[in-house]
Each structure stands twice: as structure tokens, then as C-alpha cells.
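For reference, the chains in residue letters:
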Amino acid sequence: MHEEMLTSHLVHCPYCSTEFDLLVDASQGSHQTWEDCPRCCAPIQVMVTVSPHSGELEGVIVNRDDEVL
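For the structure given in this document, a descriptive report is provided here.

### Thoughts on the state of the cysteines
- Tallied over the entire structure, the rule returns zero disulfides.
- Cys37 provides the cysteine sulfur closest to Cys13, a residue in no disulfide bond, and the two sulfurs are 3.7 Å apart.
- By relative accessible area, which is 3% here, Cys13 ends up buried.
- By relative accessible area, Cys37 is classed as buried at 2%.

### A look at the pairing of strand 3 (residues 31-36)
- Taken together, the six bridges between strand 3 and strand 4 (residues 43-50) define a ladder with antiparallel strand orientation. Residue pairing across strands places Glu35 opposite Ile44, the latter belonging to strand 4.
- The hairpin formed by strand 3 and strand 4 contains six residues between the paired strands, and Cys41 there has a positive phi angle of roughly 65 degrees.

### Here's the deal with the nonpolar core
- Val11, Cys13, Phe20, Leu22, Val24, Ala26, Cys37, Ile44, Val46, Val48, Val50 and Val60 together form the largest nonpolar core, which totals 12 residues.
- For this core, the elements supplying multiple residues, two or more each, are strand 2 (19-25) and strand 4.
- Considering each element in turn, this core owes the most residues, four residues, to strand 4.

About the thresholds
- Residues numbered from 1 in each chain as written.
- Predicted model: local features only at pLDDT ≥ 70, side-chain atom pairs only at ≥ 80, totals over all residues.
- Heavy atoms only, no water.
- Disulfide = S-S within 2.5 Å.
- Buried < 20%, exposed > 50% of the residue type's maximum accessible area, 1.4 Å probe, protein only.
- Pairing = 2+ DSSP bridges.
- Helix = DSSP H or I, 4+ residues; strand = E, 2+ residues; numbered from the N terminus.
- Core = buried A, V, L, I, M, F, W, Y, C linked by side-chain atoms within 4.5 Å.

Take a look at the structure:
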């Protein structure tokens, strides 16, 4: 993990709608991971999209753990 590649991204929990900042590591390229909601502790599926050319963060999608992204 490269600290200069960490980006704070505002998301909403798909279970309880709590808004929170999610730290995203763009140095890993596009990837899928899971985070627990800081309020309800539900598992959130996170899909991170990073440009293969520039390495810039293109987007973050969050969804329930039981839904396919």
C-alpha cells in the first residue's frame, strides 16, 4: 500500500444508509473488496475502478454483500 495513493471517498451503507468516508487504495488497481459498515457492521461489497493508463481512481461502487457487482 502506498499512502500517496490513498483516497477518501464518501459512500453510503447499502443497509442502514449511514454516510461515511472510505479509504480507497488506488495503487492496487481495479479490485473488489469488502468493508464493514462503521454503524451497523454489515458487510459491504466495494468495487474500485482505477484507470489502467493513468492510475487515477475512476469510481467506487458499494453494494450489499449478497448482491453481485
